[in-house]
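# Structural overview
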Amino acid sequence: MRSFTIDAVRLLVHEVPNGQDLNEEQRLGKRCVWCGCSAPVIDLGGISARFRPQACAPCHILHSALLTSYFDWATHVDDCILCVQQRPCPTTDRLRRMHAAARRAVHGLDEDKRLVCFECRKAVNLDHPALPVLWLGEAAGAHLLFSHAGRCPGEVADVHG
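Residues numbered from 1 in each chain as written. Predicted model: local features only at pLDDT ≥ 70, side-chain atom pairs only at ≥ 80, totals over all residues. Heavy atoms only, no water.

Below, the discussion takes up the environment of D93. Tracing the backbone through its elements, the reader meets D93 in helix 5 (residues 90-107). Distance in space between the C-alpha atoms of D93 and L126 is 9.6 Å, their sequence separation being 33 residues. (Helix = DSSP H or I, 4+ residues; strand = E, 2+ residues; numbered from the N terminus.)

As structure tokens, this is what we get:
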């Protein structure tokens, strides 16, 4: 399994809040973009002198672990013969649980209530079989999404297929 190194670009694209959602000190790198502490030490890159987001070490570790766990899981699913067939293997179950734990460490327990299936738009609970869906959408770039493993709830099996 390949392991992704989470660099500032991935964090900036996928995890840093929109500049409009940050206060002036967070936009200028004087406060952590996530917790607002006044001890940011890690430059997350920026697009101008007016947007230079930074993070404190604890927040950087948590958000890096979140993205690393997602990309490791997605890479495994793409390379695994069972997972490609929507039949999660024991490795993907372990990677799913690792990502769920990282997600809860960053966003809290209520975050799961906001996850929806890319396919059916119904809720996805990472405590149950699910798969990552890395969608390389339009101009906005990559989207880190999820789907139910196998059939979505309420989906009828194709008896003719």
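On we go from here.
The next subject is helix 5. In this model helix 5 runs 25 Å from its N-terminal to its C-terminal C-alpha over 18 residues, within 8% of the 26 Å that 1.5 Å per residue would give. If you follow the buried residues of helix 5, they end up packed against helix 3 (57-79), helix 4 (81-84), strand 3 (130-135) and strand 4 (143-148). (Expected span 1.5 Å × (residues − 1). Contact = heavy atoms within 4.5 Å.)

At a closest axis distance of 9 Å, the pairing of helix 3 and helix 5 adopts a crossing angle of 160°. If you check the angle between helix 3 and helix 5, you find them roughly antiparallel. In terms of crossing hand, the pair formed by helix 3 and helix 5 is left-handed. Contacts from L62, H63, A65, L66, S69, Y70, D72, W73, H76 and V77 of helix 3 reach helix 5 at T91, T92, L95, R96, M98, H99, A102, R103, A105, V106 and H107. Here the residues of the contact of helix 3 with helix 5 are counted per class, giving eleven nonpolar, seven polar and three charged. (Axes fitted to C-alpha atoms, helices over the stretch in contact; angles between N-to-C directions. Parallel < 35°, antiparallel > 145°, perpendicular 65-115°, else oblique. Left-handed = near helix turned anticlockwise from the far one by under 90°. Nonpolar A, V, L, I, M, F, W, Y, C, P; charged D, E, K, R; others polar.)

All told, the structure shown has five aromatic pairs when counted by the stated rule. Measuring from ring centre to ring centre gives 5.9 Å for Y70 and F71, while their planes differ by 85°; the resulting arrangement is edge-to-face. For the pair Y70 and F71, a shared accessibility class is recorded, and that class is buried. Taking 6.4 Å as the distance between ring centres and 75° as the angle between the ring planes, the aromatic pair formed by Y70 and W73 counts as edge-to-face. Here the residue Y70 and the residue W73 both occupy positions in helix 3, the gap between them amounting to three residues, near one helical turn. Each member of the pair, Y70 together with W73, is buried. One aromatic cluster is present, built from ring pairs that chain together Y70, F71, W73 and F146. (Phe/Tyr/Trp six-rings, centres within 6.5 Å; stacked < 30°, edge-to-face > 60°. Buried < 20%, exposed > 50% of the residue type's maximum accessible area, 1.4 Å probe, protein only.)

Despite not being glycine, Q86 has its phi angle at roughly 65°, a positive value. Mapped onto the secondary structure, Q86 falls in the loop between helix 4 and helix 5. Positive phi, close to 70°, is recorded for R121, a residue that is not glycine. Tracing the chain through its elements places R121 in the loop between helix 5 and strand 3.

Turning to the nonpolar core, a few remarks are in order. Most often, soluble globular proteins keep nonpolar side chains buried together rather than apart. By size, the foremost hydrophobic cluster in this structure holds 18 residues, and its most contacted members are W73, V77, C83, L115, V124, L126 and F146. Elements represented by at least two residues in this core include exactly helix 3, helix 5 and strand 3. Ranked by residues supplied to this core, first place goes to helix 3 with four residues. One finds V16, C32, V33 and F51 within the second-largest nonpolar core, a separate group that totals ten residues. (Core = buried A, V, L, I, M, F, W, Y, C linked by side-chain atoms within 4.5 Å.)

Coordinates in, geometry out; function isn't part of it.
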